[in-house]
Each structure stands twice: as structure tokens, then as C-alpha cells.
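The lines below spell out each chain.
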Amino acid sequence: MKKRILLISCLMFVLLAVSGCKKADINQNPSDLNQEDSQKEKEENAEVTPEGEMSQEETKAVVPYDYVQDLNIIDDNYRNFYEIFVYSFYDSNGDGIGDINGVISKLDYINDGNDETDTDLGFNGIWLMPIMPSTTYHKYDVTDYYDIDSQYGTLDDFKRLILECHKRGINLIIDYVFNHTSSKHPWFLEAVSYLESLKEGEEPDLEKCPYIGYYHFTKDYNGSKTYYKAGNSDWYYEGVFWDQMPDLALENENVRKELEDIAKFWLDLGVDGFRLDAAKEYYSGEKDRNIEVLKWFTDYVKSVKEDAYIVAEVWEGEATIAAYYESGFPSLFNFPLSQHNGLITNTARRLGASSGKDFAKTLIRLNEEYSKGNSKFIDAPFISNHDTTRISAQCINNEDQMKMSAGMLLTMNGSPYVYYGEEIGMNSMGSKDENKRLPMQWSVADTKGITTPPVNADSVEQKLPPVDEQMKDPLSLYNYYKRAVRIRNENPEIARGDMSVIEELCTKDISAIKKVYKDSEIVILYNINTEPANISLKDAGLSDLNIRGYLSVDGNAVTMSEGVVSMPKYSIVILK
């Protein structure tokens, strides 16, 4: 009898303990968890979920994606660009520094060129940060405009990269830095040496040393902080960014001829265009002179290669960017959309007065303002680049907000730019540039090809898994980017369509945009909220629309029944 009582008591204790554990799991508040416990939380929630809710594993299995369409990629200058800092991308020879051959070895990750596969990201444009010989890790101070930095490889390696890109339908553009050269460039060295040789009171003679005219040399610099002493002479030179980056005199016809010859050299090699660095600093504070430089350069490049693509960095607000487009320049980075205080992440994070309606109206306004100067402009939207904090830092590692921001970017007009590693949520830290240019996180288990961080970079914790792990997770940030690019490649209206706001459907949480390209029309709906939403298309007089594709942060499907679109939290749908 005692044994029976003891056995029953033990069974009751076990049942109570199990019941208590389950109750604790169900009621656990994720906000009480430390970041270190986030993985444990995912594992527990996958095993035990409240009644009526699907676990993440169940969502993956129960909600298949049924809207894969045929690719419809038009071969023009509307592209999906992937920005690469070669130094930190992939190291092919084991010296700790990324190189051209490393980029080649990872081209299939970016785009394998085979429409029948679904193993690549689908980008069809690559922007390489500076690749020419330089004295610095970032290589924005060029010592030779006709070669590849030896850390990165050779001209033959680069020729092979161009060939392999074009095999895959990828257009390749390179950074062309001509606001300044390196202070170690032969032009500058010869000019300074000549100035040092002048006798007291002797004036420079351009016939003896034409390179004097290549830079802004003066004796009367009025104590300016952007002028520096030229060697042991009594002359000074302008260097807006750094004393090791002397500014070129772009008004000099000989300089322009040099720059034209350099551009032709790279175009003849097969590059598809250029990204122009620091275009508003050609003549700092002198917009009209900068615009004239851009027009001259564009006209020359188009005379060599009519379909070449050029995009410039003018780090300014809406009004200034609109003014630069008046030069007829083809493409400028859309800075008002970018960074922690830009339209995209502000809207995704629901900061300040940001709303779905404001998002749609701002996109339309920007498009209208820019097109006044150049009706054929190609917008260049982006969230982050090598000079800014990464999207993970902007969204404070909130993966839902990172996904929503990416979805917004990749459904915008023009040619969007994605900085390497954003597709896996790589982290940056602080304002130090080196911390924004860290090694690409390919794997934790297999470190082959992973580069050494730039000197002076800090140790930055990466919150999200590396590439190889995210590839296996259907709900990863990587796979969200992959689907977003796929949808863009299926629907040319997204990049090229004439835009209008569907006022009747816009609210604080909902953004609705119509895009018309040629004879084709699509509607894009955004649910910018942490709660699901039902949207009646009849309210806007819309009918005969079907789902073309959708993006959701948690794997739940966008559905439509009798003209009502049901959207999960933070989701985007394309209707046609």
C-alpha cells in the first residue's frame, strides 16, 4: 500500500512539473529575454506555441510560396546593383585581403546566369569600390589610373572578371575617383619637385612642368584649413578631404584630356560604366561648376559608349539633387531615402510622423522633382553603403524591420543598390569607416576565403548567422532578399513604371502605389505595421487584379478573396 501511495505521489509530481513548464513557456514574454537568449527562445517557441498559432517550422511547411513567375529581365541600364568592397569580400590566395579572383569565385552567389536555377541572389549589376593602385586600404587615393592595385590582382584578372560578369548578364561599373589623386601620384610628385626647384621669386612655367596646372597651387592660401604646404617649397595645394589627397584642377583642359583617356581605357576593357565619387566636391560649394563637370564627363563617356551607365555621389538633400539632374546627368544616389534618418528605415521603424501615406507621397514627389531636370533619369535608391551605418545598426538588429526596409528598397523605381553583407544583416558599429567595411561573413565553420579586418577596425559582434546558415533557413534575411530581387526581375514595371498614389487605400499603416510601364499596370501594397491588415480593393475601384508575388517577414502568406487582400504584418504584395 505504501508503495502504491508513493508511486501515485511521484506521478502527480511529474505531471505538475510538466504542466508548469509548459505554462511558463507559453506565457514567457520575449521582451524579458536577453539578446543572448534569443536563440533559445526560438527553439522553445518552435516546440511549444499557443493554441491557434503556427510555429516557425510549421509556417515553413504549411505556407508554400505559389507565385514564382517567369523572369522578365530587360537588358538596359535599370539594374539591381550589388556594391562590393573587394578588400573585405573574398580572399582567393590566403593573404587575408580580398581580391579580384575572389570576386570571380563568388559571382555565382550574386548571379549564376542560369534562369533555371534558384541558388543565386539575382543581382545583375555590380559596383566595385576603387580597384586602382593606392596607398590606403580603401583605395580612394589613386597613384595609377591605368592598373589594378597589386593587393587585388592584375589587369588580366580584371579582364577575366569582366568576361565572367558578362557571361552571367551582370553589368560591371567601377569607382572613378577624379576629385583628387594620391599625393604619391606621379603628376603631383613631379609638380611638387618642380616647385621645390624654383629659385626665390621665380614663377612656375607650365611649359616646363605642365603638372603645375593639374592641381590648385597657390602662395596666398589665406590660412585655409584645406590647403597644405607643397614639400619644401613656399607653395600650398588644395586637399579638401586630406593632405594626402590633393584636389585636381578640373577646369584644366590637359587634366580633362587625361581623365577622358583614362575613362576610354576602362570602357575599352569592357566596363559598363562608372560611379563618380564626391561629385559635389569638385568645386566645393559651387553647384553650377560641379554640374558643368558632370555634363562634360557624361557627354564624353556617351561619345565612347552610348549605353554606358554613370551614377554620381552627391551627398545632399532633395532640392540639391534635383538641381544636379538639370544637367541631364543620368543617375544620382537618392540620399533622402537612405541611412538611419532616411525615408526607408524611418517608415519601417514607424518613427516620428512617418506613415504609409507619407511614404507613397514622398516617393512620388521625389520622382516628380528629379524628372523635372531629366525626364529620363534613373533613380539610385539605397539604404546604406561603405560610408554609412549598416541597415542592422539603423534598425537596431530588428530583423522584421530590416526585411521590411529591404522590401521597400527593392520595390522602388530605378536601380537599387545593396551593400555587400546587407543581405545577411552584417553589423557595423559607430562612425569609424573601418567598422562599416568588415569581412563578408560567409561561414563560421569554414573560414576559407574570409578576409582579415581592415587595420584599426574594432571587434563588431555579428548578431545574425553567416551566409551558409541563412541559405538553409527559408525565413532568413538572405532568403527574403533573394525573393525580393526575384520579384523585381519578374516585373519590369517595378523599376520603370510611371508612379501614382492610390489615395483611397493609403492610411497610417498602408501604402498603395500604382505603376504603369508601357501597356502593363501593377499595384504595390505595403502593410507597414506589426499587425495584419485587410484591404478592400473595391474602395479604390480596383478589380480583376491577381497576386503576382509577395514578401512577408514571418513566412505567412498574403491572400486575396472577393477583392479583399489579407496581409500579414510587415508585408508587401504586387498585384496585376
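Given the structure is predicted, the values throughout are model-derived calculations rather than measurements.

Focus: the overall build of the protein
- Of regular secondary structure, the protein possesses 18 helices and 17 strands.
- The 576 residues of the protein split such that 54% are buried.
- Of the contacts made within the protein by residues no fewer than 6 positions apart, 67% connect residues no fewer than 24 positions apart.

Concerning the sheet that holds strand β13 (residues 533–536)
- Sheet architecture is open: three strands sit in the order β13-β16-β15, paired in antiparallel fashion. Each edge of the open sheet is held by one strand with a lone partner, namely β13 and β15 (559–561). Averaged over all pairs of adjacent strands, the angle between strand axes in this sheet comes to 20°, irrespective of strand direction.
- As defined by bridge partners, β15 adjoins strand β16 (residues 564–567) across three bridges and the pair is classed as antiparallel. Counterpart to Thr559 in the pairing with β16 is Ser566.

Here's the deal with the sheet that holds strand β6 (residues 236–238)
- The strand order β4-β6-β5 describes an open sheet built from three strands, whose pairing is antiparallel. Pairing within the sheet leaves two strands with one partner each, and these edge strands are β4 (217–218) and β5 (227–229).
- Alignment of β5 against β6, held across three bridges, turns out to be antiparallel. Looking at the pairing, Lys229 lines up with Tyr236 of β6.

Details of helix α11 (residues 318–325)
- Buried within α11 we find Ile321, Ala322, Ala323, Tyr324 and Tyr325.
- Where the residues of α11 are buried, they touch α10 (287–304) and α13 (356–373).

Observations concerning the packing of aromatic side chains
- For the coordinates displayed, the defined rule picks out 47 aromatic pairs.
- Taking 6.1 Å as the distance between ring centres and 80° as the angle between the ring planes, the aromatic pair formed by Tyr90 and Trp442 counts as edge-to-face. In this pair, Tyr90 is assigned in the loop between α4 (86–89) and α5 (100–105) and Trp442 in the loop between β9 (417–419) and α16 (467–471), connecting sequence segments 352 residues apart. By the burial criterion, Tyr90 is buried, and Trp442 matches it.
- Among the aromatic residues, ring-to-ring pairing joins Tyr145, Tyr176, Phe178, Trp187, Tyr211, Tyr214, Phe274, Tyr282, Trp296 and Phe297 into one connected group.
- Sitting above the plane of the Trp442 ring, Lys106 keeps its charged end 4.2 Å from the centroid.
- When the ring centre of Tyr152 is taken as reference, the NZ or CZ atom of Lys139 above it lies at 4.9 Å.

Some points on the pattern of salt bridges
- The full count for this structure, using the stated rule, is 33 salt bridges.
- Here Asp149 ties to Lys139 by a salt bridge, and the two come within 3.4 Å at their closest N and O atoms. Note that Asp149 is positioned in the loop between β2 (125–128) and α7 (155–167) and Lys139 in the loop between β2 and α7, a separation of 10 residues in sequence.
- Between Asp299 and Lys295 there is a salt bridge, and its shortest N-O distance comes to 3.0 Å. In this pair, Asp299 and Lys295 both sit in helix α10, four residues apart, roughly one turn of the helix.
- Residues joined by salt bridges that share partners form a network here, namely Asp108, Glu164, Lys167 and Arg168.

Concerning the nonpolar core
- Counting residues in each nonpolar core, the largest one holds 167 residues, and the members touching the most others are Phe158, Phe217, Phe274, Leu276 and Leu525.
- Residues contacting Leu276, with those up to four places away along its chain left out, are Tyr176, Phe178, Tyr282, Leu294, Phe297, Ile310, Val311, Ala312, Glu313 and Phe329.

Observations regarding the environment of Asp519
- Here Asp519 lies in the loop between β11 (510–517) and β12 (520–527).
- A C-alpha to C-alpha distance of 9.9 Å links Asp519 and Glu493, two positions 26 residues apart in sequence.

Re the side chain of Arg168
- Structurally, the position occupied by Arg168 is in the loop between α7 and β3 (171–176).
- Assessed through its relative accessible area of 16%, Arg168 is described here as buried.
- With residues up to four places along the chain from it excluded, the contact list for Arg168 reads Leu107, Asp108, Asn111, Asp112 and Gly113.

So, the confidence of the model for the protein
- On average, the protein scores 90 in pLDDT, and the residues at 70 or more come to 89%.
- When the criterion is pLDDT under 50, residues 1–62 qualifies, and its contacts beyond four places in sequence or with other chains add up to 26 contacts.

Section: the packing of α7 against helix α9 (residues 253–269)
- At a minimum axis separation of 10 Å, α7 and α9 run at an interaxial angle of 55°. As summarised for this structure, α7 and α9 are arranged oblique, according to the angle between their axes. In contact with Leu155, Phe158, Lys159 and Ile162 of α7, α9 contributes Phe265, Trp266 and Leu269.
- The class makeup of the residues in the contact of α7 with α9 is six nonpolar, no polar and one charged.

About the criteria used
Residues numbered from 1 in each chain as written. Predicted model: local features only at pLDDT ≥ 70, side-chain atom pairs only at ≥ 80, totals over all residues. Heavy atoms only, no water. Helix = DSSP H or I, 4+ residues; strand = E, 2+ residues; numbered from the N terminus. Buried < 20%, exposed > 50% of the residue type's maximum accessible area, 1.4 Å probe, protein only. Contact = heavy atoms within 4.5 Å. Pairing = 2+ DSSP bridges. Axes fitted to C-alpha atoms, helices over the stretch in contact; angles between N-to-C directions. Phe/Tyr/Trp six-rings, centres within 6.5 Å; stacked < 30°, edge-to-face > 60°. Lys NZ or Arg CZ within 6 Å of the ring centre and 35° of its normal. Salt bridge = Lys/Arg side-chain N within 4 Å of Asp/Glu carboxyl O. Core = buried A, V, L, I, M, F, W, Y, C linked by side-chain atoms within 4.5 Å. pLDDT = per-residue confidence, 0-100. Parallel < 35°, antiparallel > 145°, perpendicular 65-115°, else oblique. Nonpolar A, V, L, I, M, F, W, Y, C, P; charged D, E, K, R; others polar.

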